[in-house]
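Coordinate analysis (summary)
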Amino acid sequence: MSLVLPDFTESVIVRSADAEVVGRAPTTVRLLADSSATGGALSTQRVTLLDGADGAEPHHHAGSAELFYLIDGTAQLLSGEQVVTAERGDLVVVPPGLAHAFAAAPGHDADILIVITPGVERFAYFRHLERVAYGRQPPQSLLDVQELYDTYFRGSEVWDRARPAPGGAAR
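Throughout what follows, the structure given in this document is the object of discussion. Quick caveat, the model's predicted, so the values are computed rather than measured.

Topic: the nonpolar core
Counting residues in hydrophobic clusters, the biggest one holds 21 residues, and the most contacted among them are Leu49, Phe68, Leu70, Leu77, Phe102 and Ile112. In terms of residue count, strand E5 (residues 65–79) provides more of this core than any other element does, 4 residues in total. Setting aside its immediate chain neighbours within four residues, Leu70 contacts Ala75, Leu77, Ala86, Glu87, Arg88, Gly89, Asp90, Ala110, Asp111 and Ile112.

Structural notes on the pairing of strand E4 (residues 54–60)
Across 3 bridges, the pairing between E4 and strand E8 (residues 100–104) is antiparallel. Across the sheet, residue His59 finds its bridge partner in E8, namely His100. With 2 bridges joining them, E4 and strand E10 (residues 152–153) adopt antiparallel strand pairing. The residue of E10 that forms the bridge with His59 is Phe153.

Observations regarding unusual backbone geometry
A cis amide bond links Ala25 to the next residue, Pro26, at an omega of 20 degrees. Note that Pro26 resides in the loop between strand E1 (20–24) and strand E2 (27–33). The omega torsion across Thr117 and Pro118 is -10 degrees, close enough to zero to call that bond cis. Turning to its location among the elements, Pro118 is positioned in the loop between strand E9 (110–117) and helix H1 (123–133). You will see that Asp51, though not glycine, has its phi angle at about 50 degrees, which is positive. Note on placement: Asp51 falls in the loop between strand E3 (43–49) and E4. With relative accessibility at 59%, the residue Asp51 sits in the exposed group. Phi is positive for Asp150, which is not a glycine, with a value near 50 degrees.

Describing the pattern of salt bridges
Inspection of every chain in the model, using the stated rule, returns 4 salt bridges. Taking the shortest distance from any N to any O, the salt bridge between Arg163 and Asp54 comes out at 3.0 Å. With Arg163 in the segment after helix H2 (157–162) and Asp54 in strand E4, this pair connects stretches of sequence that are 109 residues apart. Since its relative accessible area comes to 30%, Asp54 is described here as partly exposed. Among the ionic pairs, Arg161 bridges to Glu157, the shortest N-O distance being 3.9 Å. Of the two residues, Arg161 and Glu157 both sit in helix H2, 4 residues apart, roughly one turn of that helix. Judged on exposure class, the residue Arg161 and its partner Glu157 are both exposed.

Analysis parameters
Residues numbered from 1 in each chain as written. Predicted model: local features only at pLDDT ≥ 70, side-chain atom pairs only at ≥ 80, totals over all residues. Heavy atoms only, no water. Core = buried A, V, L, I, M, F, W, Y, C linked by side-chain atoms within 4.5 Å. Buried < 20%, exposed > 50% of the residue type's maximum accessible area, 1.4 Å probe, protein only. Helix = DSSP H or I, 4+ residues; strand = E, 2+ residues; numbered from the N terminus. Contact = heavy atoms within 4.5 Å. Pairing = 2+ DSSP bridges. Salt bridge = Lys/Arg side-chain N within 4 Å of Asp/Glu carboxyl O.

Following this line, the structure appears as structure tokens:
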């Protein structure tokens, strides 16, 4: 793996009040710093999930690792063929190429800081997800941008068994 040398010369400071928020409860994403702001070093967002809400379906990144830090609450994270329950203060780092997903644990809220490194321009991706969630674009449109955002969707029977289906039963 090659070392990414970031190309930025000043600190990146994002005030909470200035961060763009995408989505609405039960799932909101606070866009903190995109790859262009950090010279390619990383991109980061804060995801808040209420009452067992889903975060991301199983996917992998070909060229980036993804870090999940639980600011508060309890989350389930798929990491390869394992579903991990993470609680406040826990850290999970998923290497490039490994399937992963995340959600608030059933009946719980989760507040998660997510960092992708090296960075990928992701803000437009989250805006795209919002349009899909609100029915302004079809879900299939995400398949057309997988390579652009280094987000490749894949199935996971392990994740499907661990997550409750709508209505509370196992999927």
